[in-house]
Amino acid sequence: MFRFIPARGGSKSDLHAGLRDAALAITDGERDAVANMANLAALLWQFLPDLNWAGFYRRIGDELVLGPFAGKPACVRIPVGGGVCGRAAAEGTTQIVPDVDAFPGHIACDSRSASEIVVPVFDAAGALIAVFDVDGTTPAAFDEVDQAALEQLLGKVFGA
Ligand code: SME
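Residues numbered from 1 in each chain as written. Predicted model: local features only at pLDDT ≥ 70, side-chain atom pairs only at ≥ 80, totals over all residues. Heavy atoms only, no water.

Draft legend 1. The overall build of the chain, seen in detail. In terms of helices and strands, the chain carries four helices and six strands. Each helix and strand of the chain, placed in order from N terminus to C terminus, yields the pattern α-α-β-β-β-α-β-β-β-α. What you see for the chain is a C-alpha radius of gyration of 15 Å, in line with the 15 Å of a compact globule of 160 residues. Buried positions account for 45% of the 160 residues belonging to the chain. Partitioning the contacts of the chain with sequence separation of at least 6, the portion at a separation of at least 24 is 52%. As displayed, the chain has an accessible area near 7900 Å², and 51% of this comes from carbon and sulfur atoms. (Helix = DSSP H or I, 4+ residues; strand = E, 2+ residues; numbered from the N terminus. Rg over C-alpha atoms; globule rule 2.2 N^0.38 Å. Buried < 20%, exposed > 50% of the residue type's maximum accessible area, 1.4 Å probe, protein only. Contact = heavy atoms within 4.5 Å. Areas by Shrake-Rupley, 256 points an atom, 1.4 Å probe, with all protein chains shown as cover.)

Spelled out as structure tokens, the structure:
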């Protein structure tokens, strides 16, 4: 299989660069999107710090339906347009939420989540197939560095 040991004491950018290489290695040559979602959720859950949940909601019709994830059991169906995930899907843009309590309509699956980032996932044709949702246990856990890295990683895996 593959081996990934993140450098100790490195920057967040260094961590993301290592995670991108690891993600590309474990998804290389695999075309099944759900299998790739499962491995990416597990990889990022293991190595991004202070996470409470990491996983995918797949777009099926007008809904987002729970897909591969790591963490506690979560809400199964979210309407496109509802919550942070639904807004990311409706707008096709990444949502960074430093304080989930300040986001109108936030869907709380677990009260331990303090902040969140949701990144839309597009296929090679540019269709939105899913969103990737990462929840943090600390306020403002995610920033533009995470956004850029996750958008690039998901684009390479699912959009290529
Ligand atoms: N908080 C999300 C719902 C999904 S859970 O966090 C796993 C939202 O508001 O869309």
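Draft legend 2. Examining the layout of surface pockets more closely. Of the voids in this model, the largest pocket is the one considered here, and its volume is about 300 Å³. Secondary-structure elements contributing two or more residues to the lining of the largest pocket are helix 1 (12-27), helix 2 (33-47) and helix 4 (144-158). In terms of residues, the lining of the largest pocket owes the most to one element, helix 4, which gives three residues. (1 Å grid on protein atoms, 1.4 Å probe; cavity = no way out; pocket = protein on both sides within 12 Å on 5 of 7 lines; lining within 4 Å. Points joined across faces, edges and corners; volume = space filled by probe spheres on them.)

Draft legend 3. Region of the structure containing the sheet that holds strand 1 (residues 51-60). With respect to topology, six strands assemble into an open sheet ordered 3-2-1-6-5-4, the strand pairing being antiparallel. Pairing within the sheet leaves two strands with one partner each, and these edge strands are strand 3 (77-79) and strand 4 (95-97). Neighbour-to-neighbour, the strand axes of this sheet turn through a mean angle of 25°, independent of strand direction. Contacts between helix 4 and the sheet are confined to strand 1, strand 4, strand 5 (115-122) and strand 6 (128-136), with strand 5 contributing the most and set at about 30° to the helix. (Pairing = 2+ DSSP bridges. Axes fitted to C-alpha atoms, helices over the stretch in contact; angles between N-to-C directions.)

Draft legend 4. Structural view of the pattern of salt bridges. Enumeration according to the criterion identifies five salt bridges in this entry. Close ionic contact of aspartate 146 with lysine 12 constitutes a salt bridge, the shortest N to O distance being 2.6 Å. Here the residue aspartate 146 occupies a position in helix 4, and lysine 12 occupies one in helix 1, the gap between them amounting to 134 residues. The network of salt bridges with shared partners includes Lys12, Asp143 and Asp146. (Salt bridge = Lys/Arg side-chain N within 4 Å of Asp/Glu carboxyl O.)

Draft legend 5. Summary view of the state of the cysteines. On inspection of all chains with the given rule, the structure shows one disulfide. Not part of a disulfide, cysteine 85 finds its nearest cysteine sulfur in cysteine 109, a span of 7.8 Å. Owing to a relative accessible area of 4%, cysteine 85 belongs among the buried residues under this scheme. (Disulfide = S-S within 2.5 Å.)

Draft legend 6. Geometry of the packing of helix 2 against helix 4. For the pair helix 2 and helix 4, the least separation of the axes is 11 Å and the interaxial angle reads 150°. In terms of their interaxial angle, helix 2 and helix 4 are classed as roughly antiparallel. You can see that helix 2 and helix 4 cross each other, and the crossing is right-handed. Contact residues: helix 2 offers Ala33, Asn36, Met37, Leu40 and Leu44, while helix 4 offers Leu150, Leu153, Leu154, Val157 and Phe158. A per-class count over the contact of helix 2 with helix 4 returns nine nonpolar, one polar and no charged. (Parallel < 35°, antiparallel > 145°, perpendicular 65-115°, else oblique. Left-handed = near helix turned anticlockwise from the far one by under 90°. Nonpolar A, V, L, I, M, F, W, Y, C, P; charged D, E, K, R; others polar.)

Draft legend 7. Broad picture of the nonpolar core. Counting residues in hydrophobic clusters, the biggest one holds 29 residues, and the most contacted among them are Leu19, Leu40, Leu43, Phe56, Phe132, Leu154 and Phe158. Residue assignment for this core shows that the elements contributing at least two residues are helix 1, helix 2, strand 1, strand 5, strand 6 and helix 4. Examining the composition of this core, we find that six residues originate from one element, helix 2, more than from any other. Counting residues in hydrophobic clusters, the runner-up holds 16 residues, among them Trp53, Tyr57, Cys85 and Val131. (Core = buried A, V, L, I, M, F, W, Y, C linked by side-chain atoms within 4.5 Å.)

Draft legend 8. Molecular detail of the site of the ligand. The environment of the ligand is made up of 13 residues, and the closest members are Val84, Cys85, Ile107, Glu116 and Asp135. One nitrogen or oxygen atom from the main chain of cysteine 85 is found 2.8 Å from an oxygen atom belonging to the ligand. Within the backbone of isoleucine 107, an N or O atom sits 2.7 Å from a nitrogen atom of the ligand. The cavity that encloses the ligand is the largest cavity. Here the shell around the ligand gets three residues from one element, more than from any other, and that element is helix 3 (residues 83-91). Looking at the shell around the ligand residue by residue, the class counts come to eight nonpolar, two polar and three charged. (Near = heavy atom within 4 Å. Polar contact = N/O pair within 3.5 Å; in protein donor to acceptor, adjacent residues only side chain to side chain. Sits in = over half its atoms within 2 Å of the grid points.)

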